[in-house]
Each structure stands twice: as C-alpha cells, then as structure tokens.
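# Structural overview
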Amino acid sequence: MCLAISARVVELLDDDMAVVAFDRVTKRISLALVADVSLGDFVLVHVGYALHKVSPEEAERTLQLMAEAGVLEEGLEEISA
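Residues numbered from 1 in each chain as written. Predicted model: local features only at pLDDT ≥ 70, side-chain atom pairs only at ≥ 80, totals over all residues. Heavy atoms only, no water.

## Topic: the overall build of the protein
- Within the protein, the secondary structure is distributed over 2 helices and 5 strands.
- Overall, the protein shows an N-to-C arrangement of helices and strands of β-β-β-β-β-α-α.
- The buried share of the protein, reckoned over its 81 residues, is 35%.
- Here the protein has roughly 4,900 Å² of accessible surface; of this, 52% comes from carbon and sulfur atoms. (Helix = DSSP H or I, 4+ residues; strand = E, 2+ residues; numbered from the N terminus. Buried < 20%, exposed > 50% of the residue type's maximum accessible area, 1.4 Å probe, protein only. Areas by Shrake-Rupley, 256 points an atom, 1.4 Å probe, with all protein chains shown as cover.)

## Observations regarding the pattern of salt bridges
- Scanning the model with the defined rule gives 2 salt bridges in all.
- Across the pair Lys 53 and Asp 41 runs a salt bridge whose closest N-O atoms are separated by 3.7 Å. One end of the pair, Lys 53, is in strand β5 (residues 49–54); the other, Asp 41, is in the loop between β3 (25–30) and β4 (42–46), and 12 residues separate them in sequence.
- With its nearest N and O atoms 2.4 Å apart, the salt bridge here joins Arg 61 to Glu 58. Of this pair, Arg 61 and Glu 58 both sit in helix α1 (residues 56–69), 3 residues apart, which is roughly one turn of the helix.
- The exposure class assigned to Arg 61 is partly exposed, which follows from its relative accessible area of 45%.
- Judged by its relative accessible area of 31%, Glu 58 falls in the partly exposed class. (Salt bridge = Lys/Arg side-chain N within 4 Å of Asp/Glu carboxyl O.)

## Quick look at the pairing of strand β2 (residues 17–22)
- Among the 6 residues of β2, 5 are classified as buried, and the element is accordingly described as predominantly covered.
- In the sheet, strand β1 (residues 5–13) pairs with β2 via 5 bridges, with the strands oriented antiparallel. Counterpart to Val 9 in the pairing with β2 is Val 20.
- The turn joining β1 and β2, which pair antiparallel and follow one another in sequence, is formed by 3 residues; a positive phi near 60 degrees is taken by Asp 15.
- In the sheet, β2 pairs with β3 via 6 bridges, with the strands oriented antiparallel. Opposite Val 20, over in β3, you have Lys 27 as the bridge partner.
- Here β2 folds back onto β3, and the loop between the two strands holds 2 residues, one of which, Asp 23, carries a positive phi near 55 degrees. (Pairing = 2+ DSSP bridges.)

Quick look at the structure:
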C-alpha cells in the first residue's frame, strides 16, 4: 500500500530538494511541486515528492490516525526501504 505521510523538513538542499524526517526515518525528497517551503515546515510526502504543506496540528492528527489504524509502521517501512 502506498501512503502519503506527513514529515518535517529538516534540511533544505539545492535543486528543489530537501531532507525530511518521518518519526525516526529521514529521506531525501523533491520540493518541485510545492512553493515556499521553509526549514521546520511539515509537508505531505508521497513517492519521494512533497505534495503540499500542512500545519503541525494536521501533521500530528494524521500521524496519530495512521498509527491508530495500524498503517503508520507499514508506511515508515516502505519509506525506509
């Protein structure tokens, strides 16, 4: 199953790229589809691309719901592969 997961931007790189943190996993992603992303922002990430920015509250709520549904660990495993 492919899921979009909220992640915090922890490093901004050249060429519309960034490093984001998903709980204990970090991943390099593209910011090409989202404008005005800053360090510390939360973005919704799917297959290596940020789809849009989300508020910290929305990110937390989404991650909590995913954990309660039992799909967060699966999503994190897919991301870290």
